[in-house]
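# Secondary and tertiary structure notes
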Amino acid sequence: MKRYDERETLFSRVNLKQGTKEYNEFYQKHPELKSSDDAQRRVSFRHALRKDDRFKERFFPITKHNKNYIKHVFDMAESYPIQSKRVPLPGSFADNIKEITKYYGATDVGIAALTDASYYSHLGGVSEHIGKDTYGEPVVPHYRTAIVYTVAMDLPMINRAPQYEELLATEEAYLRVATIGSRLTMYLKELGYQAMFNNSEYYLAPLVPLAQDAGLGQIGMCNHIVTKTHGNNIRLGAVFTTLRVDIDQPEDFGLTEFCKRCALCLQNCPSKAITHKTRIVNGRQFYKFHDNRCYDIWIKSGTDCGTCISSCPFTQGVDQDKLSRIKEAPELIDEMMNEHYQRYGRRVFDKVEMDIIKVDDDNGQDN
Ligand code: SF4
Ligand code: SF4
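Just so you know, these numbers come straight off a predicted model, no measurement behind them.

Cut-off values and rules
- Residues numbered from 1 in each chain as written.
- Chains lettered and ligands numbered in written order.
- Predicted model: local features only at pLDDT ≥ 70, side-chain atom pairs only at ≥ 80, totals over all residues.
- Helix = DSSP H or I, 4+ residues; strand = E, 2+ residues; numbered from the N terminus.
- Rg over C-alpha atoms; globule rule 2.2 N^0.38 Å.
- Contact = placed C-beta atoms within 7 Å.
- Pairing = 2+ DSSP bridges.
- Buried ≥ 20, exposed ≤ 12 C-beta atoms within 10 Å, placed from the backbone.
- Near = placed C-beta within 6 Å.
- Nonpolar A, V, L, I, M, F, W, Y, C, P; charged D, E, K, R; others polar.
- Domains from an automatic or database assignment.
- Axes fitted to C-alpha atoms, helices over the stretch in contact; angles between N-to-C directions.
- Core = buried A, V, L, I, M, F, W, Y, C linked by C-beta atoms within 7 Å.
- Parallel < 35°, antiparallel > 145°, perpendicular 65-115°, else oblique.
- Left-handed = near helix turned anticlockwise from the far one by under 90°.

Let us now look at the overall build of the protein. Helix and strand counts for the protein stand at 16 helices and eight strands. Computed over its C-alpha atoms, the radius of gyration of the protein comes to 21 Å, within 12% of the 21 Å expected for a compact globule of 367 residues. The principal-axis extents of the C-alpha atoms in the protein amount to approximately 60 × 55 × 55 Å. Pairs at least 24 residues apart make up 75% of the contacts formed inside the protein by residues separated by at least 6 positions.

Put into structure tokens, the structure is as follows:
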């Protein structure tokens, strides 16, 4: 089975510096990506936020320290000593691990086995904020258990996508993912097991397949994990460990059929990045996706858009009883869609800005 290669992901590609050895090697292999990637190379999308300077000088500091924070908790967890006396634990300790991960702040937790094919073959160097130069580093599969978790994002913020509130919601969720991951890593090390956590700055494996294996949700037309209760309004985290506990199984709750009758993410995507065409990667169904088109919207809006998140009926909440019966009675999907249309229309969009940054009621002078 071919392993995923992080160097092929958009953020790794557009971070390459023109003219370097890595750049030349990559585009010799993938000439079809060169011109669209060149147009987006090393662009910081946040600065395109359509707000005046007075807003921006108050807004960006809200999250400016996030990467620094993530680096600190990453360093702390990575350097945390592993206790030499290992606490023996049964497979059923999986249930406790899930509760502890929720105690640290996760919304939902599942456990998956890691095979060699779960891991990236090579890292893509997206970890510059945590001070590691990893581009092209081969990944040696070491851990065999993945504790995968979700963090639900703030729904009123996401429902303002693609406005600035959406950016705050995603950045906050990444921070919480890192907090949970670092604490769980240190907990496992206290128990005498090796562990490391994946976070927005450093991944050893793509987390979407692992989240599906861990039973957290299914891959929807948007190519995200869609969970039954929070849709794709989540961010994923995972701690890899040498601890062996009972693993979960993937759950098919009928999302593929649901997506066929819904397609709201596709219809609402402003860049036409989402398609209904399926593609199989390592035996797993994804959908064809135009990543450069998606990133183009980020660069234009100054946020990471998120319209496909607010558009998903599962994000807004679906009738769980009906959902449990859609595989036997697919006509229930039409009922659920009608209910969604009646409540929300084709797209949820609350354009009334939140009061987080107020710039209208002062003159910008110091008190
Ligand atoms: S983030 Fe926006 S542009 Fe990208 S796929 Fe989702 S809806 Fe489309
Ligand atoms: S918006 Fe509809 S088509 Fe897209 S992932 Fe959600 S359920 Fe599937």
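Among all residues save glycine, negative phi is the norm, and among peptide bonds the norm is trans. Omega for the bond connecting A161 with P162 falls within 30 degrees of zero, at 10 degrees, which places this linkage in the cis form. Note that P162 resides in the loop between α7 (155–158) and α8 (164–190). With phi around 55 degrees, R42 is a residue other than glycine that occupies positive phi space. Of note, R42 is situated in the loop between α3 (34–38) and α4 (53–59).

Here the focus is the pairing of strand β8 (residues 284–289). With five bridges connecting them, strand β7 (residues 274–281) and β8 associate as antiparallel partners. Its bridge partner lying in β8, I280 is registered against Q285. Taking the residues between adjacent antiparallel strands as the criterion, β7 and β8 are bridged by two residues, where N282 takes a positive phi near 50 degrees.

The subject of this paragraph is the environment of R244. Secondary-structure assignment places R244 in the loop between β6 (234–241) and α10 (255–262). We classify R244 as partly exposed; it has 15 C-beta atoms within 10 Å. C-alpha of R244 to C-alpha of L89: the two residues are 155 residues apart in sequence and 8.5 Å apart in space. Setting aside residues no more than four positions away along its own chain, R244 makes contact with R144 and T145.

Neighbouring ligand 2 are 14 residues; G220, C259, C262, C265 and C312 lie closest to it. At the level of elements, α10, α11 (264–268) and α14 (313–316) are the ones that each hand at least two residues to the shell around ligand 2. Counted by class, the shell around ligand 2 contains 12 nonpolar, two polar and no charged residues. Here the shell around ligand 2 spans two domains, since at least three of its residues come from each of domain 1 (68–241) and domain 2 (255–344).

A word on the domain arrangement of the protein. By the assigned domains, the protein splits into domain 1 (68–241) and domain 2 (255–344). Once you take the C-alpha centre of each, domain 1 and domain 2 turn out to be 23 Å apart. Contacts between the two partners involve 24 residues from domain 1, matched on the other side by 27 residues from domain 2. Elements supplying a minimum of two residues to the side of domain 1 that touches domain 2: α8 and β4 (218–219).

A few words on the sheet that holds strand β1 (residues 108–113). Read from one edge to the other, the open sheet built from four strands follows the order β1-β2-β6-β3, with strand pairing classed as antiparallel. The sheet terminates laterally at β1 and β3 (195–198), the two strands that pair on one side only. Here the strands of the sheet are splayed against their neighbours by 20 degrees on average, with no regard to which way each runs. Most of the contacts of helix α6 (residues 93–103) go to β1, to which it runs at about 135 degrees, and overall it touches β1 and β2 (145–152). α8 rests against β2, β3 and β6 of the sheet, and its axis sits at about 20 degrees to β6.

This brings us to the nonpolar core. If you look at the biggest cluster of nonpolar residues, it comprises 88 residues, and the most contacted ones within it are A146, I147, V148, L210, A238 and F240. Among the domains, domain 1 (68–241) and domain 2 (255–344) are the pair contributing at least three residues each to this core. Look past the residues within four positions of A238 in its chain and what remains in contact with it is A146, I147, V148, N198, L207 and L210.

In this structure, D291 sits in helix α12 (residues 291–301). Residue classification places D291 among the buried positions, given that 20 C-beta atoms sit within 10 Å. In this structure, the C-alpha to C-alpha distance between D291 and L10, residues 281 residues apart in sequence, is 6.7 Å. If sequence neighbours within four positions are ignored, D291 has contacts with L10 and A273.

What follows concerns the packing of α10 against helix α16 (residues 331–344). Between α10 and α16, the least distance of the axes is 10 Å, while the angle of their chain directions is 50 degrees. Put simply, α10 runs oblique to α16. By crossing handedness, the relation of α10 to α16 is classed as right-handed. Contacts between α10 and α16 involve E257, F258, R261 and C262 from the former and I333, D334 and M337 from the latter. The residue makeup of the contact of α10 with α16, split by class, is four nonpolar, no polar and three charged.

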